[in-house]
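In case you want the letters, here they are:
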Amino acid sequence: MRLLIVGTLGGQLTVASQIAMQRGAKVTQADDIESAMRVLRSGRGADLLMVDVGLDIAGMLAKLQSERVHVPIVACGVETDAQAAVSAIRAGAKEYIPLPPDPEMIAAVLAAVAQERGDLIYRDDAMASVVRLAEQVAPSDASVLITGESGTGKEVIARHVHKSSNRASKPFISINCAAIPEHLLESELFGHEKGAFTGAVARRVGKFEEADGGTLLLDEISEMDVRLQAKLLRAIQERVIDRVGGTRPVPVDIRILATSNRDLAESVRQGTFREDLLFRLNVVNLKLPPLRERPADIFELAKFFVEHYAQANGVPARPLSVEARQALSVNPWPGNVRELENTMHRAVLLAHGEEIGAEAIRMPDGSPIAVSKGPAERAALTAEAVSRNFVGRTVADVERDLILDTLDHCLGNRTHAAKILGISIRTLRNKLNQYTDEGVRVPGPGEARPAM
């Protein structure tokens, strides 16, 4: 996690910097916006900006947009800066952190941006075999394709490959191809030269050059535009890149890892993914099994998350009751490790007494996870109920409700919803724009739909 702190605020941002470093972030500081822009152009990069609320955040966002730099901003200010905080959020800041800094709030913001925990926790033989293969191929420079359902821990295993490689002391740079708009992704990957487009006031180094000597992770590569895939293929084959607007190739020395929750062979057949690029990426395939296929990991991970969130929330780390363990074992975990983590976080907060009981193992809406039905019986009952609900409705209506219910479940997070639905982020955005035009209420990030 790379954090760029912009401004001073009487030294309070320095304290925030120290807290972030204690939480494992790599921190760079800049006194003003122009200094921050120079850092971002230079290749030192950042995954998050923490900016003094007294600076021109709207102007900084405009600079970032004009130079095709994609990085979220969190505004920081003293608690009395209420109007400045509102203005910063309206300008486009993702969050506001009051100062003096609270260590847990900063930790929560860093975790939200990172999205994936870095701990490799496993016990099941199915996962152990994947880890053994990962460690076997890690010392080589072979490209690795990591596949599996959303939430299975693809980025975690990618980081483990890097840490086990000969490049462990060099940078590990990750870029989510699904989260960055198509027109920005090329510049994010390859950088650009001064004057390459309107707003390109200086040369900017991209992720390939940032990762030089180390590892570049292309997360959700299936969402990359076919045109850009051709440029990526050349970079992998020839180990050179072309900055946008550049006149000569730039050599790079990196190891490529890529992840996908889609069947890329099927994407090749559909014409949305290049076959030659798939061959280049898929030298080794690490296929992560879903959580339901590695039952021993459920309890190991549950214990880890209970201890982590108990410490984070200042409550005792209670053991799981027999009934709670049963509830965990029968749940199919469609959201995999990410869903289990959220469930255990809720359980830590909801539990009473000396153990975490089954009553604390609940869905996001507060409903309990059923433990009385076996997998086959639950599937049959669910299928029957769903089929009854479909009768008399149009396909368009069913599709709309499915998309909006999934988005509601993800609290408005478009990327997670698209992964669960098995569609591209662009398709999801087009659907949501259509629903908005039709007057349907679409939840924004962090929101849920109001009850009907």
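Let me sum up the structure you'll find in this document. (Residues numbered from 1 in each chain as written. Predicted model: local features only at pLDDT ≥ 70, side-chain atom pairs only at ≥ 80, totals over all residues. Heavy atoms only, no water.)

1. Quick look at the nonpolar core
The condition is simple: Nonpolar core, defined: a set of buried Ala, Val, Leu, Ile, Met, Phe, Trp, Tyr and Cys residues in which side-chain atoms within 4.5 Å join the residues together. Only protein chains enter the accessibility calculation, which uses a 1.4 Å probe. A residue is then buried if its area is under 20% of the maximum for its type, exposed if over 50%, and partly exposed in between. Working definition: helices are DSSP H or I runs of at least four residues, strands are E runs of at least two. Numbering for both runs from the N terminus. In what follows, a contact means two residues having at least one pair of non-hydrogen atoms within 4.5 Å.
By size, the foremost hydrophobic cluster in this structure holds 31 residues, and its most contacted members are Leu189, Phe208, Leu216, Leu218 and Ile221. Within the residue set of this core, elements represented by two or more residues are strand E7 (172–176), helix H8 (182–190), strand E8 (215–219), helix H10 (226–238), strand E11 (255–260) and helix H12 (275–281). A per-element tally of this core places H10 first, with 5 residues. Discounting residues that sit within four places of it in the chain, Phe208 has contacts with Leu189, Phe190, Leu216, Leu232, Ala235, Ile241, Val252, Ile254 and Ile256.

2. Observations regarding the sheet that holds strand E3 (residues 48–52)
Just so we agree on the cut-off: Two strands qualify as a pair provided DSSP detects at least 2 bridges between them. To obtain each axis, a line is fitted to C-alpha atoms, and for helices this fit is confined to the stretch in contact; angles are then taken between N-to-C directions over 0 to 180 degrees.
The 5 strands lie next to each other as E2-E1-E3-E4-E5, forming an open sheet whose pairing is parallel. Strands with a single pairing partner mark the edges of an open sheet, and in this sheet they are strand E2 (26–30) and strand E5 (95–99). Taken pair by pair, the neighbouring strands of this sheet meet at an average axis angle of 25°, ignoring direction. Across the sheet, helix H2 (residues 33–42) touches strand E1 (2–6), E2 and E3, and the angle it forms with E1 is around 160°.

3. Observations concerning the pairing of E3
Our working rule: If the strands point away from the viewer and the path from the first strand over the helix to the second runs clockwise, then the crossover is right-handed.
Within E3, 5 of the 5 residues are buried, leaving the element largely enclosed by the surrounding structure. Residues Leu48, Met50 and Asp52 of E3 are buried on one face, and the alternating residues Leu49 and Val51, pointing to the opposite face, are buried as well. Relative to E3, E1 is paired through 4 bridges, and the arrangement is parallel. Note on E3: the bridge partner recorded for Val6 is Val51. Pairing between E3 and strand E4 (residues 73–78): 4 bridges, direction parallel. Within E4, the residue paired with Val51 across the bridge is Ala75. In terms of handedness, the path from E3 via helix H3 (residues 57–66) over to E4 forms a crossover that is right-handed.

4. What to know about the side chain of Ser143
For Ser143, the location among the structural elements is in the loop between helix H6 (125–137) and strand E6 (144–147). With a relative accessible area of 9%, Ser143 lands in the buried category. Among all residues touching Ser143, those that are not within four sequence positions of it are Ile236, Ile256, Arg280, Leu281, Val283 and Val284.

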